[in-house]
Amino acid sequence: MSANKNVQIPSDDELKKMSVEERAALGMAMDGVELAEWGPRYVAGSPADKRAERQVAFWFLLAGALAVAFIVIFIWWPWQFVNYDDPGQLMYALYTPLIGLTLGGCILAFGIGVVALAKKIMPHEVAIQQRHQGMSPEADRQSLAAELVDVGDKAGLVKRRGVLKGSLVLAGGGLGLAAVVPVLGGFIKNPWAERADSPLWVTPWKPAADGTRVRLTQIDGTPVRPTDLEAGSMATVFPGVPGGAKASDAAVMLFRVRSDQQILIRDGQQGFQFGDYYAYSKICTHVGCPVSLYEQQTGRVLCPCHQSQFDLYAGMNPVFGPATRPLPQLPLELDDEGYFVARSDFVEAVGPGFWENGKFPAWYEEPKEATG
Ligand code: FES
């Protein structure tokens, strides 16, 4: 609400006919603003003025360049997971730091540019106004907008300072684009382009093309036999293929339950166990932490990240915490030498859910089992 009741508030038609300067003056009068000091920072066109303009333009250009760098890195930098010691691991490892540095640097440079603009380019002024409360009427809002435009005009932002205007557009546009790229970026790569071999479906547990099944091994590659586990114990195992121990979606918990223990078998997963042995993905279905705090007495498995609990005796369904899906079960059997092997890959998505989780896209006709 305007503080100065003595000022005549113009009608909407009168407002339209007023110049920007007149509306700015009106706004100050209506708000009871007293201008104690006012003046440009530097003489227009003077060396000091040009230096200030270059400094501000530098920050906006830097912000724009960093925004462009962020977009390029976000889209084209190699982001696919690469194991340690494999070629390309450094490039992969740099992906997250680089997008953080470029986007953070862009926001920082833009902020410094705005502060520098206010301190070095915008006219210097000291205005005094009594505080008032409540929502401002239309005339107040229009006059405030006019004041801002008027200050920009007087600072020569639009007419005189082409470099500054261009750099500001680049920085603002780049920053705006950088904000939407992470959303749009997810649509660039089709996760189904490899169809049955899509990394969303396939883990290193998938049998080889010639049908060779993958052995369950310890971290050092030693294959695992039923006699390696005591009743009631659990062991973390990995696929016995090159790189299997380092694959992010491959770690599995192998349980040997007591033979008198009742276990819920989920629909479609009958026969996935081998006797008293059950194997489940170790990757939490919430956001993918390793789940491995096993409480033998209760059959609960706890995820340390957000305290989700899965019940081994209830088909590894979640019974507490934010996870909503059970841990996927790996079908087990023994090979000719008596070692555990995976009969096929998982038949459910490992780790956090994704968009077609639990079912195939409508256009996808090949059953997953045929690929395993
Ligand atoms: S990642 Fe396991 S509870 Fe969040």
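As named in an unreviewed UniProt entry, the protein is Cytochrome bc1 complex Rieske iron-sulfur subunit, taken from Nakamurella flava. What UniProt states about the protein under its Sequence similarities (unreviewed entry) heading is, verbatim, "Belongs to the Rieske iron-sulfur protein family."

## Observations regarding the nonpolar core
Counting 37 residues, the largest nonpolar core has Leu 216, Val 252, Leu 254, Ala 279, Tyr 280 and Leu 330 as its most contacted members. At the level of elements, β3 (214-217), β4 (234-239), β5 (252-256), β6 (277-281) and β12 (340-342) are the ones that each hand at least two residues to this core. Top element by residues in this core is β5. It accounts for four residues. Beyond its immediate chain neighbours, meaning those up to four positions away, Val 252 contacts Leu 216, Val 237, Ala 279, Tyr 280, Ser 281, Lys 282 and Leu 330. Counting 25 residues, the second-largest nonpolar core is a separate cluster that includes Val 56, Trp 59, Ile 71 and Ala 109.

## Considerations on the packing of helix α3 (residues 47-76) against helix α6 (residues 162-185)
Viewed as axis vectors pointing N to C, α3 and α6 meet at an angle of 25°, and their least axial separation amounts to 8 Å. With respect to α6, the axis of α3 lies roughly parallel. Relative to α6, α3 is oriented so that their crossing is left-handed. Among the residues forming the contact of α3 with α6, the class breakdown is 21 nonpolar, four polar and one charged.

## Structural notes on the UniProt feature "domain: Rieske" (unreviewed entry) in the protein
The sites that carry the UniProt feature "domain: Rieske" (unreviewed entry) are, in the present numbering, residues 242-341. Summarising residues 242-341: 0% helix, 28% strand, and an end-to-end C-alpha distance of 15 Å.

## Details of the sheet that holds strand β10 (residues 317-320)
If you walk across this open sheet you meet the four strands as β7-β8-β9-β10, and the pairing is antiparallel. Lying at the two open borders of the sheet, with one neighbouring strand each, are β7 (293-295) and β10. Averaged over all adjacent pairs, the angle separating strand axes in this sheet is 35°, with direction ignored. Two strands pair when backbone bridges link them, and strand β8 (residues 300-302) and strand β9 (residues 309-311) are joined in this way by three bridges, in the antiparallel orientation. Bridge pairing links Val 301 to Phe 310 in β9.

## Details of the sheet that holds β5
Ordered in space as β6-β5-β4-β3-β12-β11, the six strands form an open sheet in which the pairing is antiparallel. One side of each edge strand has no neighbouring strand; the edge strands of this open sheet are β6 and β11 (332-334). Averaged over all adjacent pairs, the angle separating strand axes in this sheet is 40°, with direction ignored. Note: β11 against β12, three bridges, orientation antiparallel. Following the sheet pairing, Glu 333 is matched in β12 by Val 341.

## Brief notes about the confidence of the model for the protein
Overall, the predicted model of the protein reaches an average pLDDT of 85, with 92% of residues at or above 70. Across residues 367-372, where pLDDT falls below 50, the model places ten contacts with residues more than four positions away in sequence or in other chains.

## So, unusual backbone geometry
Even without being glycine, Gln 307 reaches a positive phi, approximately 65°. Residue placement: Gln 307 occurs in the loop between β8 and β9. Looking at Gln 307, the number of C-beta atoms within 10 Å reads 13, which means it is partly exposed. The phi torsion at Met 316 lies on the positive side, around 60°, for a residue other than glycine. Topologically, Met 316 is positioned in the loop between β9 and β10.

## Quick look at the domain arrangement of the protein
Each assigned domain of the protein is listed here: domain 1 (12-185) and domain 2 (194-372). One C-alpha centre belongs to domain 1, the other to domain 2; they are set 52 Å apart.

## Some details on the UniProt feature "transmembrane region" (unreviewed entry) in the protein
Under the UniProt annotation, "transmembrane region" (unreviewed entry) lies at residues 56-77, 97-118 and 168-188. End C-alpha to end C-alpha, residues 97-118 measures 31 Å, and it is 100% helix and 0% strand. End C-alpha to end C-alpha, residues 168-188 measures 29 Å, and it is 86% helix and 0% strand.

## Observations regarding helix α4 (residues 89-121)
With 33 residues, α4 extends 47 Å from end C-alpha to end C-alpha; this agrees with the ideal 48 Å at 1.5 Å per step. In α4, a bend of some 35° at Tyr 95 exceeds every other bend along the element, and Pro 97, a proline, comes one to four places later. Among all positions of α4, only Ile 99, Thr 102, Leu 103, Cys 106, Ala 109, Phe 110, Gly 113, Leu 117 and Ile 121 are buried. Next to the buried residues of α4 lie α3 and α6.

Calculation criteria
- Residues numbered from 1 in each chain as written.
- Predicted model: local features only at pLDDT ≥ 70, side-chain atom pairs only at ≥ 80, totals over all residues.
- UniProt positions renumbered as here; feature names shortened; annotations may be inferred.
- Core = buried A, V, L, I, M, F, W, Y, C linked by C-beta atoms within 7 Å.
- Buried ≥ 20, exposed ≤ 12 C-beta atoms within 10 Å, placed from the backbone.
- Helix = DSSP H or I, 4+ residues; strand = E, 2+ residues; numbered from the N terminus.
- Contact = placed C-beta atoms within 7 Å.
- Axes fitted to C-alpha atoms, helices over the stretch in contact; angles between N-to-C directions.
- Parallel < 35°, antiparallel > 145°, perpendicular 65-115°, else oblique.
- Left-handed = near helix turned anticlockwise from the far one by under 90°.
- Nonpolar A, V, L, I, M, F, W, Y, C, P; charged D, E, K, R; others polar.
- Pairing = 2+ DSSP bridges.
- pLDDT = per-residue confidence, 0-100.
- Domains from an automatic or database assignment.
- Expected span 1.5 Å × (residues − 1).
- Bend = angle between axes of the 7 residues up to and from the residue.

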